[in-house]
Amino acid sequence: MRYLDFLRTVHERLAPKAYLEIGVRNGNSLALASCRAVGIDPAFAIHAELDGEVALFRTTSDEYFSRPEPLAATRGQRFELCFIDGLHLFEFALRDFIFAERHSSARGVIVFDDVLPRNVAEAARERHTHQWTGDVFGVLQVLERYRPDLLVVPLDTEPTGLLAVVGLDPESTVLVDHFEEILAEFRRPDPQPVPGEILDRISVVAPGRFLDAGVLELLAGQPSDVSAAGLAPSLRPLVGERLGSGFLTRPGLTG
Ligand SMILES: C[S@@+](CC[C@H](N)C(=O)[O-])C[C@H]1O[C@@H](n2cnc3c(N)ncnc32)[C@H](O)[C@@H]1O
């Protein structure tokens, strides 16, 4: 499944009240939103026809989230779907996640692009390939280690994989508290040590299986003020049953 087809289905089934996109470029993924949407990109050039109430910001995600009211553009509505597809460097993608989660609803979903590079060259921090994932794959390793409270699902989409994250906790400070320590371990010089599990797409989940697991319907049915703790008891068993728990514990990815 192509990543845009997956995202289209997530929009349909989740029906988010507000959407955040970091990295807009031509607007192809932003065009899938029909709700209030915020698009952030220092160099967008929109070709796609946009639906919904879209606020575009020609700036970096770091600058945007340094503003006093990042939710002003949605009139205070927390994000219920975020797509992180901006600068493909580990620390930028991780910061994007920290800010996106802080301004999301606990019933929201955050999706990263480019977490499954197909070769080491594509994963280089110093870009030298046409298709480029950079070292965004590192966020998968970090979230598994530092945020076991989250459900982190790598998805076998084309061309370079997606990562769906649910069970969000906007109050969590774990990643901020450990940020320097995380950078010291996970921001590594090229050539990138991409685990074979990632290159070979072992233990990743077929996108259709995730879409049909009922996770999105469960989230969509939650009250808007549900907390992470309130959601966890219904989310965890559903995931164990429908997705299988194998992909949740992948020592090869965290080593
Ligand atoms: C891969 S493209 C996005 C593609 C788009 N999401 C889609 O699927 O059609 C990445 C975009 O990220 C933008 N970008 C680069 N650095 C950024 C940053 N610091 N903050 C936000 N966007 C950034 C680039 O200008 C580029 O347009």
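Per-chain numbering applies: the sequence of each chain, read as written, is numbered from 1 onward. Where local features are concerned, this predicted model is filtered to residues with pLDDT of at least 70; where side-chain atom pairs are given and counted, the filter is 80 or more; whole-chain, interface and lining totals use all residues. As a convention, hydrogens and water are excluded, and side-chain values are obtained from all of the structure's heavy atoms.

Section: the layout of surface pockets
Part 1: Here a cavity denotes a set of grid points, spaced 1 Å apart and computed over the protein atoms alone, in which a 1.4 Å probe fits but from which it cannot get out, and a pocket denotes an open set meeting protein on both sides within 12 Å along at least five of seven lines; residues with an atom within 4 Å of a point are reported as lining. Grid points are joined across faces, edges and corners, and a volume is the space filled by probe spheres set on the points. Its boundaries defined by the atoms lining it, the largest pocket holds a volume of some 860 Å³.
Part 2: In terms of lining, the largest pocket is formed by 31 residues, of which the most central are R25, D85, G86, H88 and D114.
Part 3: Of the residues that constitute the lining of the largest pocket, the class distribution is 10 nonpolar, 13 polar and 8 charged. When residue character is reported, Ala, Val, Leu, Ile, Met, Phe, Trp, Tyr, Cys and Pro are called nonpolar, Asp, Glu, Lys and Arg charged, and the others, Gly included, polar.

Overview of the nonpolar core
Part 1: Ranked by size, the top nonpolar core spans 45 residues in total, and within it F97, F112 and V165 carry the most contacts.
Part 2: By residue number, the principal contributor to this core is helix α3 (residues 90–102), which donates 7 residues.
Part 3: Not counting the four nearest positions on each side in its chain, F112 is found in contact with F83, I84, A93, F97, V136, V139, L143, G161, L162, L163 and V165.
Part 4: One finds Y19, L32, V111 and V166 within the second-largest nonpolar core, a separate group that totals 38 residues. Here, the term nonpolar core denotes a set of buried Ala, Val, Leu, Ile, Met, Phe, Trp, Tyr and Cys residues that are joined through side-chain atoms within 4.5 Å. The buried label goes to any residue with under 20% of its type's maximum accessible area, the exposed label to any with over 50%, and the partly exposed label to all in between, with areas taken from a 1.4 Å probe on protein chains only. The way it works is that DSSP assigns letters per residue, a run of H or I at least four long becomes a helix, a run of E at least two long becomes a strand, and they are numbered from the N terminus. Note on contacts: a residue pair is in contact if any heavy atoms of the two residues lie within 4.5 Å.

Thoughts on the sheet that holds strand β4 (residues 79–84)
Part 1: A pair of strands counts as paired when DSSP detects no fewer than two bridges linking them. Strands sit in the order β3-β2-β1-β4-β5-β7-β6 across an open sheet of 7 strands; the sheet is mixed. Either end of the sheet is taken by a strand with one partner, and the two such strands are β3 (54–57) and β6 (151–155). Looking at each pair of strands side by side, their axes are set apart by 15° on average, direction ignored.
Part 2: Examined bridge by bridge, strand β5 (residues 104–113) and strand β7 (residues 162–166) share 5 bridges and lie antiparallel to one another. Residue I110 lies in a different strand from β7, and its bridge partner there is V165.
Part 3: Fitted lines through C-alpha atoms give the axes, limited to the stretch in contact for helices. The angle between two N-to-C directions lies from 0 to 180 degrees. Across the sheet, helix α1 (residues 3–14) is in contact with β1 (18–22), β4, β5, β6 and β7; its angle to β4 comes to roughly 175°.
Part 4: In the packing of α3 onto the sheet, the strands contacted are β1, β4, β5 and β7, and the crossing angle to β5 comes to about 160°.

Description of the packing of aromatic side chains
Part 1: The criterion for an aromatic pair is that two Phe, Tyr or Trp rings (for Trp, the six-membered ring) have centres within 6.5 Å, with stacked assigned to planes under 30 degrees apart, edge-to-face to planes over 60 apart and tilted to the rest. Taken as a whole, this structure holds 7 aromatic pairs when the rule is applied.
Part 2: When the ring of Y64 is compared with that of F65, the centres are 5.2 Å apart and the planes differ by 90°; the resulting orientation is edge-to-face.
Part 3: The class for Y64 is buried, based on a relative accessible area of 2%.
Part 4: Judged by relative accessible area, which is 7%, F65 ranks as buried.
Part 5: A network of ring pairs unites the aromatic residues F57, Y64, F65 and F99 as a single cluster.
Part 6: In our convention, an over-ring charge means Lys NZ or Arg CZ found within 6 Å of a ring centre and within 35 degrees of that ring's normal. If you follow R58 out to its NZ or CZ, it ends over the ring of F44, 3.9 Å from the centre.
Part 7: Stacked on the ring of F92, the Lys or Arg R95 has its end atom at 4.8 Å from the ring centre.

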